[in-house]
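# Summary of structural features
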Amino acid sequence: MTTNRADGRANNQLRPVKITRNWIANAEGSCLIEFGNTRVLCVASLTEGVPRWRQGSGEGWVTAEYSMLPRATSQRSQRESVKGKIGGRTHEISRLIGRSLRAVVDTASLGENTIVLDCDVLQADGGTRTASITGAYVALADAIKWGQKNGLIPLDKAHQKVLKDSVAAISVGIIDGEPRLDLPYEEDVRAETDMNVVVTGSGEFIEVQGTAEHAPFTRAELGALLDLAEGGCKELAVFQEVALSE
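No experiment lies behind these values; they were computed from the predicted model shown. (Residues numbered from 1 in each chain as written. Predicted model: local features only at pLDDT ≥ 70, side-chain atom pairs only at ≥ 80, totals over all residues. Heavy atoms only, no water.)

## Some points on the environment of A220
With respect to the helices, strands and loops of the structure, A220 is situated in helix α6 (residues 219–245). The class of A220 is exposed, set by a relative accessible area of 62%. Residues A220 and R71, 149 residues apart in the sequence, show an inter-C-alpha distance of 39 Å. (Helix = DSSP H or I, 4+ residues; strand = E, 2+ residues; numbered from the N terminus. Buried < 20%, exposed > 50% of the residue type's maximum accessible area, 1.4 Å probe, protein only.)

Written out as C-alpha coordinates, the structure reads:
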(Lines give C-alpha, C1' and ligand atoms only; values in the text may rest on other atoms or scores of the structure.)
Protein backbone atom coordinates (compact mmCIF):
# COMPACT_ATOMS: atom_id res chain seq x y z
CA MET A 1 0.00 0.00 0.00
CA THR A 2 1.14 3.53 -0.76
CA THR A 3 0.61 6.14 1.93
CA ASN A 4 0.55 9.82 2.76
CA ARG A 5 0.87 9.19 6.50
CA ALA A 6 2.89 11.72 8.48
CA ASP A 7 5.03 9.03 10.12
CA GLY A 8 5.80 7.31 6.82
CA ARG A 9 4.05 4.05 7.65
CA ALA A 10 2.13 2.01 5.12
CA ASN A 11 -1.63 2.02 5.63
CA ASN A 12 -1.52 -1.58 6.86
CA GLN A 13 1.47 -1.11 9.18
CA LEU A 14 1.44 -0.99 12.98
CA ARG A 15 3.34 1.63 14.90
CA PRO A 16 6.42 0.26 16.72
CA VAL A 17 5.16 -2.11 19.44
CA LYS A 18 7.04 -2.86 22.65
CA ILE A 19 5.90 -4.94 25.63
CA THR A 20 7.95 -4.86 28.84
CA ARG A 21 6.81 -7.47 31.37
CA ASN A 22 7.09 -7.31 35.17
CA TRP A 23 7.16 -3.52 35.16
CA ILE A 24 5.65 -3.42 38.66
CA ALA A 25 7.55 -5.58 41.15
CA ASN A 26 4.67 -5.99 43.62
CA ALA A 27 2.02 -7.20 41.19
CA GLU A 28 1.02 -10.74 40.23
CA GLY A 29 1.29 -9.65 36.60
CA SER A 30 2.23 -6.40 34.88
CA CYS A 31 3.58 -4.91 31.68
CA LEU A 32 4.26 -1.59 30.04
CA ILE A 33 2.90 -1.63 26.50
CA GLU A 34 3.86 0.91 23.86
CA PHE A 35 2.05 1.57 20.59
CA GLY A 36 4.33 4.25 19.15
CA ASN A 37 4.06 7.20 21.55
CA THR A 38 1.09 5.71 23.41
CA ARG A 39 2.24 4.06 26.63
CA VAL A 40 -0.02 2.17 29.02
CA LEU A 41 0.87 0.44 32.27
CA CYS A 42 -1.23 -2.72 32.73
CA VAL A 43 -1.25 -4.36 36.17
CA ALA A 44 -3.04 -7.57 37.21
CA SER A 45 -3.97 -8.16 40.86
CA LEU A 46 -5.14 -11.63 41.89
CA THR A 47 -7.06 -12.09 45.14
CA GLU A 48 -8.99 -14.93 46.69
CA GLY A 49 -12.76 -14.59 46.65
CA VAL A 50 -15.31 -13.21 44.21
CA PRO A 51 -18.09 -10.60 44.31
CA ARG A 52 -21.05 -11.53 46.52
CA TRP A 53 -23.31 -12.30 43.57
CA ARG A 54 -20.81 -14.91 42.34
CA GLN A 55 -20.03 -16.61 45.65
CA GLY A 56 -20.64 -20.36 45.74
CA SER A 57 -20.60 -20.66 41.95
CA GLY A 58 -17.11 -22.18 41.81
CA GLU A 59 -16.25 -19.63 39.13
CA GLY A 60 -13.87 -16.70 39.18
CA TRP A 61 -14.21 -13.14 37.97
CA VAL A 62 -12.10 -10.84 35.79
CA THR A 63 -12.70 -7.11 35.66
CA ALA A 64 -10.80 -3.97 34.66
CA GLU A 65 -10.33 -0.33 35.55
CA TYR A 66 -8.96 2.30 33.17
CA SER A 67 -7.58 5.74 33.90
CA MET A 68 -5.35 8.39 32.38
CA LEU A 69 -2.66 10.40 34.12
CA PRO A 70 -3.44 14.14 34.21
CA ARG A 71 -0.56 14.96 31.85
CA ALA A 72 -0.86 11.95 29.54
CA THR A 73 -2.07 14.41 26.88
CA SER A 74 -0.75 17.73 25.61
CA GLN A 75 -2.71 19.66 28.24
CA ARG A 76 -3.30 18.67 31.85
CA SER A 77 -6.68 17.15 32.65
CA GLN A 78 -8.17 17.17 36.14
CA ARG A 79 -8.02 13.91 38.07
CA GLU A 80 -11.41 12.21 38.20
CA SER A 81 -10.82 11.44 41.88
CA VAL A 82 -10.64 15.19 42.51
CA LYS A 83 -13.80 15.78 40.50
CA GLY A 84 -15.49 13.16 42.67
CA LYS A 85 -17.02 11.52 39.61
CA ILE A 86 -15.81 8.91 37.12
CA GLY A 87 -16.43 10.06 33.56
CA GLY A 88 -18.60 8.18 31.09
CA ARG A 89 -15.67 7.55 28.74
CA THR A 90 -13.66 6.01 31.58
CA HIS A 91 -16.56 3.71 32.52
CA GLU A 92 -17.05 2.68 28.91
CA ILE A 93 -13.38 1.81 28.34
CA SER A 94 -13.10 -0.04 31.66
CA ARG A 95 -16.09 -2.20 30.72
CA LEU A 96 -14.69 -2.81 27.23
CA ILE A 97 -11.38 -4.07 28.65
CA GLY A 98 -13.16 -6.33 31.14
CA ARG A 99 -15.48 -7.79 28.48
CA SER A 100 -12.59 -8.42 26.12
CA LEU A 101 -10.56 -10.33 28.72
CA ARG A 102 -13.49 -12.35 30.08
CA ALA A 103 -14.18 -13.58 26.57
CA VAL A 104 -10.98 -15.65 26.63
CA VAL A 105 -11.07 -16.82 30.28
CA ASP A 106 -12.54 -20.11 31.51
CA THR A 107 -13.88 -18.76 34.79
CA ALA A 108 -14.59 -22.26 36.12
CA SER A 109 -10.90 -23.17 35.81
CA LEU A 110 -9.98 -19.92 37.52
CA GLY A 111 -11.74 -21.02 40.70
CA GLU A 112 -13.33 -18.50 43.07
CA ASN A 113 -10.62 -15.92 42.55
CA THR A 114 -10.80 -12.37 41.25
CA ILE A 115 -8.33 -10.73 38.89
CA VAL A 116 -8.50 -6.96 38.50
CA LEU A 117 -6.67 -5.34 35.58
CA ASP A 118 -5.64 -1.73 36.15
CA CYS A 119 -4.79 0.04 32.91
CA ASP A 120 -3.22 3.47 33.44
CA VAL A 121 -2.33 5.61 30.45
CA LEU A 122 1.06 7.23 31.01
CA GLN A 123 1.18 8.91 27.60
CA ALA A 124 -1.63 9.17 25.07
CA ASP A 125 -1.22 9.39 21.31
CA GLY A 126 -4.28 7.52 20.08
CA GLY A 127 -5.28 3.89 20.63
CA THR A 128 -5.16 3.95 24.43
CA ARG A 129 -8.05 1.49 24.83
CA THR A 130 -6.66 -0.93 22.26
CA ALA A 131 -3.19 -0.82 23.81
CA SER A 132 -4.82 -1.40 27.21
CA ILE A 133 -6.58 -4.57 26.05
CA THR A 134 -3.47 -5.90 24.33
CA GLY A 135 -1.24 -5.25 27.35
CA ALA A 136 -3.83 -6.37 29.90
CA TYR A 137 -3.86 -9.82 28.32
CA VAL A 138 -0.12 -10.20 28.98
CA ALA A 139 -0.52 -9.06 32.61
CA LEU A 140 -3.50 -11.41 33.00
CA ALA A 141 -1.55 -14.40 31.65
CA ASP A 142 1.26 -13.76 34.14
CA ALA A 143 -1.19 -13.37 37.04
CA ILE A 144 -2.78 -16.73 36.18
CA LYS A 145 0.64 -18.39 36.10
CA TRP A 146 1.40 -16.83 39.49
CA GLY A 147 -1.90 -18.12 40.89
CA GLN A 148 -1.20 -21.64 39.69
CA LYS A 149 2.33 -21.60 41.07
CA ASN A 150 1.21 -20.32 44.46
CA GLY A 151 -1.80 -22.59 44.86
CA LEU A 152 -4.54 -19.97 44.63
CA ILE A 153 -5.97 -21.57 41.53
CA PRO A 154 -7.17 -25.01 42.66
CA LEU A 155 -4.58 -27.72 42.08
CA ASP A 156 -7.05 -30.00 40.33
CA LYS A 157 -7.64 -27.21 37.82
CA ALA A 158 -4.10 -25.94 37.45
CA HIS A 159 -3.42 -28.06 34.38
CA GLN A 160 -6.61 -26.98 32.67
CA LYS A 161 -6.45 -24.01 30.35
CA VAL A 162 -7.71 -20.98 32.24
CA LEU A 163 -6.98 -18.92 29.12
CA LYS A 164 -8.93 -20.31 26.18
CA ASP A 165 -7.25 -17.96 23.69
CA SER A 166 -5.29 -14.73 23.49
CA VAL A 167 -6.90 -11.36 22.79
CA ALA A 168 -5.62 -8.15 21.22
CA ALA A 169 -7.17 -4.95 19.91
CA ILE A 170 -6.33 -2.27 17.38
CA SER A 171 -7.79 0.91 15.93
CA VAL A 172 -8.57 1.41 12.26
CA GLY A 173 -10.12 4.27 10.35
CA ILE A 174 -10.64 6.05 7.07
CA ILE A 175 -8.50 9.16 6.66
CA ASP A 176 -8.40 11.13 3.41
CA GLY A 177 -10.45 8.32 1.85
CA GLU A 178 -7.90 5.65 2.80
CA PRO A 179 -8.43 2.78 5.27
CA ARG A 180 -5.56 2.91 7.78
CA LEU A 181 -4.35 0.76 10.66
CA ASP A 182 -3.37 1.86 14.19
CA LEU A 183 -4.26 5.53 14.26
CA PRO A 184 -2.16 8.04 16.19
CA TYR A 185 -3.97 11.05 17.63
CA GLU A 186 -3.20 13.19 14.60
CA GLU A 187 -5.15 10.77 12.38
CA ASP A 188 -7.80 9.83 14.92
CA VAL A 189 -9.11 13.39 15.32
CA ARG A 190 -9.73 13.81 11.61
CA ALA A 191 -10.87 10.32 10.68
CA GLU A 192 -14.00 10.13 8.54
CA THR A 193 -14.64 6.72 10.11
CA ASP A 194 -13.12 5.47 13.34
CA MET A 195 -13.17 1.89 14.68
CA ASN A 196 -11.76 -0.13 17.55
CA VAL A 197 -11.68 -3.87 16.92
CA VAL A 198 -11.02 -6.66 19.45
CA VAL A 199 -9.92 -10.04 18.04
CA THR A 200 -8.84 -13.35 19.57
CA GLY A 201 -5.63 -15.09 18.66
CA SER A 202 -7.62 -17.57 16.59
CA GLY A 203 -9.15 -14.73 14.56
CA GLU A 204 -12.61 -14.47 16.11
CA PHE A 205 -14.12 -11.04 16.79
CA ILE A 206 -15.06 -10.04 20.33
CA GLU A 207 -16.10 -6.45 19.71
CA VAL A 208 -16.30 -3.97 16.85
CA GLN A 209 -16.86 -0.32 17.77
CA GLY A 210 -17.31 1.70 14.60
CA THR A 211 -18.53 5.26 14.06
CA ALA A 212 -18.90 7.51 11.04
CA GLU A 213 -17.34 10.66 12.45
CA HIS A 214 -17.48 12.92 9.39
CA ALA A 215 -18.88 10.80 6.56
CA PRO A 216 -20.85 7.52 6.28
CA PHE A 217 -18.92 4.42 5.25
CA THR A 218 -19.81 1.73 2.75
CA ARG A 219 -20.06 -2.02 3.24
CA ALA A 220 -16.87 -2.39 1.18
CA GLU A 221 -15.04 0.10 3.41
CA LEU A 222 -16.25 -1.78 6.50
CA GLY A 223 -14.81 -4.99 5.07
CA ALA A 224 -11.50 -3.29 4.31
CA LEU A 225 -11.28 -1.92 7.86
CA LEU A 226 -12.05 -5.31 9.43
CA ASP A 227 -9.40 -6.93 7.23
CA LEU A 228 -6.85 -4.37 8.38
CA ALA A 229 -7.81 -4.88 12.03
CA GLU A 230 -7.68 -8.66 11.76
CA GLY A 231 -4.20 -8.50 10.25
CA GLY A 232 -3.01 -6.01 12.88
CA CYS A 233 -4.32 -8.13 15.77
CA LYS A 234 -2.65 -11.19 14.30
CA GLU A 235 0.67 -9.33 14.45
CA LEU A 236 -0.04 -8.19 18.01
CA ALA A 237 -0.71 -11.79 19.04
CA VAL A 238 2.85 -12.61 17.97
CA PHE A 239 4.23 -9.73 20.08
CA GLN A 240 2.23 -11.07 23.06
CA GLU A 241 3.48 -14.62 22.53
CA VAL A 242 7.10 -13.50 22.28
CA ALA A 243 6.79 -11.34 25.40
CA LEU A 244 5.26 -14.17 27.42
CA SER A 245 7.93 -16.61 26.29
CA GLU A 246 10.81 -14.44 27.50
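## Describing the packing of helix α2 (residues 88–102) against helix α4 (residues 128–149)
Any two packed helices are characterised by the angle at which their axes cross and by the distance between the axes. Interhelical geometry of α2 versus α4 gives an angle of 40 degrees and a closest axis separation of 10 Å. Between α2 and α4, the angle falls in the class oblique. The two elements α2 and α4 meet at a crossing, and its hand is right-handed. Judged by residue contacts, R89, E92, I93, L96, I97, S100 and L101 of α2 engage T128, R129, S132, I133, A136, Y137 and L140 from α4. Among the residues making up the contact of α2 with α4, the classes are represented as eight nonpolar, three polar and three charged. (Axes fitted to C-alpha atoms, helices over the stretch in contact; angles between N-to-C directions. Parallel < 35°, antiparallel > 145°, perpendicular 65-115°, else oblique. Left-handed = near helix turned anticlockwise from the far one by under 90°. Contact = heavy atoms within 4.5 Å. Nonpolar A, V, L, I, M, F, W, Y, C, P; charged D, E, K, R; others polar.)

## A look at the packing of α4 against α6
At a minimum axis separation of 10 Å, α4 and α6 run at an interaxial angle of 30 degrees. The handedness of the crossing between α4 and α6 comes out as right-handed. Where α4 approaches α6, its residues T134, Y137, V138, A141, D142 and K145 are matched on the opposing element by L236, Q240 and L244. For the contact of α4 with α6, the per-class residue count stands at five nonpolar, two polar and two charged.

## Notes on the environment of E192
Mapping E192 onto the fold places it in the loop between α5 (185–188) and β8 (193–200). Judged by relative accessible area, which is 21%, E192 ranks as partly exposed. Note: C-alpha distance between E192 and R54 (138 residues apart in sequence) is 43 Å. Those residues in contact with E192, other than ones at most four positions away along the chain, are I174, I175, D176, G177, T211, A212, E213, H214 and A215.

## Details of the sheet that holds strand β7 (residues 178–181)
As summarised here, the arrangement of the four strands in space is β7-β6-β8-β9, forming an open sheet in which the pairing is antiparallel. Two strands in the sheet have a free side with no partner beyond their single neighbour: β7 and β9 (205–212). Neighbour-to-neighbour, the strand axes of the sheet open up by a mean angle of 15 degrees, direction not taken into account. Summarising the sheet, β8 and β9 pair through seven bridges and their orientation is antiparallel. Its bridge partner being in β9, N196 is matched across the sheet by Q209. Where α2 meets the sheet, it contacts β6 (167–175), β8 and β9, and its direction lies at approximately 150 degrees from that of β9. Here α4 sits on the sheet in contact with β6, β8 and β9, set at roughly 160 degrees to β6. (Pairing = 2+ DSSP bridges.)

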